[in-house]
Amino acid sequence: MSASSAMSSEPIVIDTRRLNCPLPVIRSRRAAKSLPAGAQILVECTDPLAKIDIPHFATADGHRLVSSGENGNVLWFLIELGGGNASG
């Protein structure tokens, strides 16, 4: 994937449905490391702990939680990636 496609208006979807803690955060962090600052990821989860874990991941790693919500039993989080990754 090129940097220009990552910067398009469409977020990169990270499907972590049916995965439990800590896998949604691990997969989201891995995806974020491969994308440039300003790109957006849309994380989809079914683990109820994601309501706490994903916003914390975004803040701790220097990203911005743009919005979040629920669609049935799926939680979703739209995150704009920042320039700094606190995790390394």
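About the criteria used
- Residues numbered from 1 in each chain as written.
- Predicted model: local features only at pLDDT ≥ 70, side-chain atom pairs only at ≥ 80, totals over all residues.
- Heavy atoms only, no water.
- pLDDT = per-residue confidence, 0-100.
- Contact = heavy atoms within 4.5 Å.
- Salt bridge = Lys/Arg side-chain N within 4 Å of Asp/Glu carboxyl O.
- Buried < 20%, exposed > 50% of the residue type's maximum accessible area, 1.4 Å probe, protein only.
- Helix = DSSP H or I, 4+ residues; strand = E, 2+ residues; numbered from the N terminus.

## What about the confidence of the model for the protein chain?
Looking at the protein chain as a whole, the pLDDT averages 89, with 85% of positions reaching at least 70. Across residues 1-6, confidence stays below pLDDT 50; counting only partners more than four residues off in sequence or on other chains, it has eight contacts.

## Quick word on the pattern of salt bridges
All chains considered together, the criterion is met by five salt bridges. The salt bridge involving Arg 17 is made with Asp 15; its shortest N-O contact spans 2.8 Å. A relative accessible area of 30% places Arg 17 in the partly exposed class. Glu 70 is the partner of Lys 51 in a salt bridge, and the nearest nitrogen-oxygen pair spans 3.1 Å. Remark: Glu 70 occurs in strand S3 (residues 64-71) and Lys 51 occurs in helix H3 (residues 50-60); sequence separation between them is 19 residues. The class of Glu 70 is exposed, set by a relative accessible area of 52%. Salt bridges here are not isolated pairs; linked through shared partners, they connect Asp 15, Arg 17 and Glu 44.

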